[in-house]
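One-letter residues, chain by chain:
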Amino acid sequence: MHEWPLILFTLLTQAAVGATLFSALYACWINHESGVSVGYYIIKPVLMIICLMAAIGLLCSVAHLGYPMNAFNSLRHAATSWLSREIIFTGVFFGVICLITLRTLMTRRVSRTLLALAALLGIIDIYCMGEVYRHTQIVTWAHLNTQFTFIGTLITLGACIATLLITLRSKGKVSDKLLFKMVCVAVLLTGISLVGRLLVLPDYLDEIQRLSMNGMVTFPYDATTLFNHSPLLRWGAWVAALSGLLVMLFALYFGRQKVIFRQPLMLVSGCILVILAEIIFRYAFFLIS
């Protein structure tokens, strides 16, 4: 089963939340160093892209439900259902980020506090999203690895989007020191995200292997069988992710304080590799039969 609406919904929502988080952090630094007008010029298009990603993700989630009214029916069980909580917080995050973007356009000023609030709501949303999949009978989802994957994707996609849309756009508008700091933070958090997921991976693989040996099958999907028959897809994603991180580290090493001026292509290439890896990871996540 290739659940494209779910693939798009989860990836776009996590990317939107991650980009919001990094936008709040970078807006704080840019406003402090170069003023609110520069911060507005740099962050404004990113906020509009975040709204677009969140909107498309929300539409994909509704499309997955099959009948739009099902979304309203799902809201009635917020006290007991992770799915209801996910739908609520997804809608709240979308509404809040749209209002913040509208306020930013009207006042021509980026509020780091409001962006931080939106990012917090988004992180809660992604946590609820992870719990939806953990509390299922599909054994390849019902593991802590799902939360590590979703939160990790939030960080890596947010870092890459921030690098491509904020850091590169800031060239010539802020100091080289701040540009270097922004790139370092993005690379550091990308590395922490990937390492954290690697640490939980052995236990996850051991659990899948144990269930496979015990003949564990959940209907209507035999997730473990297809999981064991698609290792190249998952390891290919890891190769792409770690290669992208390595390219970004090389960009920092060779570019030093002038990394944006000396190694922009290497930096962009690293980000694209990491984004591609996240798409493959998510495709493999929903690959059940």
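All figures in this text were calculated on a predicted structure; none of them were measured in a lab.

**Some details on helix 1 (residues 4–34)**
Move 1: Taking 1.5 Å per residue, 31 residues should reach 45 Å; helix 1 reaches 42 Å between its end C-alpha atoms and fits that length.
Move 2: Where burial is concerned, most of helix 1 is hidden: 22 out of the 31 residues are buried.

**A closer look at the UniProt feature "transmembrane region" (unreviewed entry) in the protein**
Move 1: In this structure's numbering, the residues bearing the UniProt feature "transmembrane region" (unreviewed entry) are residues 6–29, 41–67, 87–106, 113–133, 148–166, 178–200, 235–254 and 266–288.
Move 2: Regarding residues 87–106, the helix share stands at 100% and the strand share at 0%, and the terminal C-alpha atoms are separated by 29 Å.
Move 3: As annotated, residues 235–254 has a helix share of 100% and a strand share of 0%, and its two end C-alpha atoms lie 28 Å apart.

**Details of the packing of aromatic side chains**
Move 1: Using the criterion set out here, one finds 15 aromatic pairs in the structure.
Move 2: Relative to Tyr283, the ring of Trp4 has its centre 5.6 Å away and its plane inclined at 45°; by these criteria the two rings are tilted. Taken as a pair, Trp4 in helix 1 and Tyr283 in helix 11 (residues 264–285) lie far apart in primary sequence, 279 residues in all.
Move 3: Given the relative accessible area of 46%, Trp4 is considered partly exposed.

**A closer look at a nonpolar patch on the surface**
Move 1: Taken together, the side chains of Leu246, Leu249, Phe250, Tyr253 and Phe254 define a hydrophobic patch exposed on the protein surface, amounting to about 510 Å² of accessible area.
Move 2: Within the fold, Tyr253 resides in helix 9 (residues 231–255).
Move 3: For Tyr253, a relative accessible area of 51% translates into the label exposed.

**Some remarks on the layout of surface pockets**
Move 1: Space inside the second largest pocket adds up to approximately 190 Å³.
Move 2: The element contributing the most residues to the lining of the second largest pocket is helix 1, with six residues.
Move 3: Class assignment of the residues belonging to the lining of the second largest pocket gives a composition of eleven nonpolar, no polar and one charged.

**Observations regarding empty space enclosed by the protein**
Move 1: Counted under the stated rule, the structure contains one cavity of 30 Å³ or more.
Move 2: In this structure, the largest cavity encloses a volume near 320 Å³.
Move 3: If you go around the largest cavity, you meet 18 residues; those closest to its centre are Asn145, Tyr204, Phe227, Arg234 and Phe281.
Move 4: For the lining of the largest cavity, the secondary structure elements donating two or more residues are helix 6 (145–167), helix 7 (176–213), helix 8 (223–228), helix 9 and helix 11.
Move 5: If one sorts the elements of the lining of the largest cavity by residue count, helix 7 sits on top with four residues.
Move 6: Of the residues assigned to the lining of the largest cavity, the class counts are twelve nonpolar, four polar and two charged.

**Side note on the packing of helix 1 against helix 5 (residues 112–134)**
Move 1: Remark: helix 1 packs on helix 5, axes separated minimally by 8 Å, with the N-to-C direction vectors making an angle of 150°. If you check the angle between helix 1 and helix 5, you find them roughly antiparallel. Crossing hand, helix 1 versus helix 5: left-handed. Note on element contacts: helix 5 touches helix 1 through Arg112, Leu115, Ala116, Ala118, Ala119, Gly122, Ile123, Asp125, Ile126, Met129 and Tyr133, opposite Leu6, Phe9, Thr10, Thr13, Gln14, Val17, Thr20, Leu21, Ser23, Ala24 and Cys28.
Move 2: For the contact of helix 1 with helix 5, the per-class residue count stands at 14 nonpolar, six polar and two charged.

**Describing the pattern of salt bridges**
Move 1: The full count for this structure, using the stated rule, is three salt bridges.
Move 2: Here Glu131 makes a salt bridge to Arg134, at a shortest N to O gap of 3.1 Å. Residue Glu131 and its partner Arg134 are located together in helix 5, separated by three residues, close to a single helical turn.
Move 3: With a shortest N-O distance of 2.8 Å, Glu278 and Arg197 are connected by a salt bridge. Taken together, the positions of Glu278 in helix 11 and Arg197 in helix 7 put the pair 81 residues apart, joining distant regions of the chain. Residues Glu278 and Arg197 agree in their burial class; the two are buried.

**Looking at the side chain of Thr20**
Move 1: Mapped onto the fold, Thr20 is located in helix 1.
Move 2: Judged by its relative accessible area of 0%, Thr20 falls in the buried class.
Move 3: In this structure Thr20 touches Ile50, Phe93, Ile97, Leu115, Ala118 and Ala119, once residues within four positions along its chain are discounted.

**A word on the side chain of Asn145**
Move 1: Its place among the elements puts Asn145 in helix 6.
Move 2: For Asn145, a relative accessible area of 10% translates into the label buried.

**Notes on the nonpolar core**
Move 1: Within the largest apolar cluster, 76 residues are counted, with the highest numbers of intra-cluster contacts made by Tyr26, Ile30, Ile50, Met53, Ile97, Tyr133 and Ile166.
Move 2: When neighbours within four sequence positions are excluded, Ile50 is seen to be in contact with Ala16, Ala19, Thr20, Ser23 and Ile97.

Criteria and thresholds
Throughout, residues of each chain are indexed from 1 in the direction in which the sequence is written. The model is predicted, so local features are restricted to residues of pLDDT at least 70 and side-chain atom pairs to those at 80 or more, both for listing and for counting; the totals for chains, interfaces and linings are taken over all residues. Excluded from the side-chain calculation are hydrogens and water; included are all heavy atoms of the structure. Only DSSP runs of H or I reaching four residues or more are called helices, and only runs of E reaching two or more are called strands; each is numbered from the N terminus. By this rule, a helix spans an expected 1.5 Å times one less than how many residues it contains. Burial here depends on accessible area, computed with a 1.4 Å probe over protein chains only, as a share of the maximum for the residue type. Under 20% is buried, over 50% is exposed, and the range in between is partly exposed. UniProt positions are given in the numbering used here, feature names are shortened, and annotations may be inferred rather than shown by experiment. Any two of the Phe, Tyr and Trp rings considered here, Trp counted by its six-membered ring, make a pair once their centres fall within 6.5 Å; the pair's planes then place it as stacked at under 30 degrees, edge-to-face at over 60, or tilted in between. The patches described consist of residues with a relative accessible area above 30% and no salt bridge, like charges being joined within 9 Å and nonpolar side chains (Val, Leu, Ile, Met, Phe, Trp, Tyr) within 5 Å. Only the protein chains shown count as cover for residues, and all accessible areas are computed by the Shrake-Rupley method using a 1.4 Å probe. Here, a salt bridge means any Lys or Arg side-chain nitrogen found within 4 Å of an Asp or Glu carboxyl oxygen. A cavity here means a set of points on a 1 Å grid, drawn over the protein atoms and nothing else, where a 1.4 Å probe fits but cannot get out; a pocket is an open set with protein on both sides within 12 Å along at least five of seven lines, and a residue lines either one if it has an atom within 4 Å of a point. Grid points are joined across faces, edges and corners, and a volume is the space filled by probe spheres set on the points. Residues are sorted three ways: Asp, Glu, Lys and Arg are charged, Ala, Val, Leu, Ile, Met, Phe, Trp, Tyr, Cys and Pro are nonpolar, and all the rest, Gly among them, are polar. Axes here mean lines fitted to C-alpha atoms, for a helix over just the part in contact, with angles spanning 0 to 180 degrees between N-to-C directions. Note that the term roughly parallel is reserved for angles under 35 degrees, roughly antiparallel for angles over 145, roughly perpendicular for angles of 65 to 115, and oblique for everything else. Here is the rule for handedness: rotate from the far helix to the near one, and if that takes an anticlockwise turn smaller than a right angle the crossing is left-handed, while a clockwise turn gives right-handed. We call two residues in contact when some of their heavy atoms are within 4.5 Å. Throughout, nonpolar core names a set of buried Ala, Val, Leu, Ile, Met, Phe, Trp, Tyr and Cys residues whose side chains join them through atoms within 4.5 Å.

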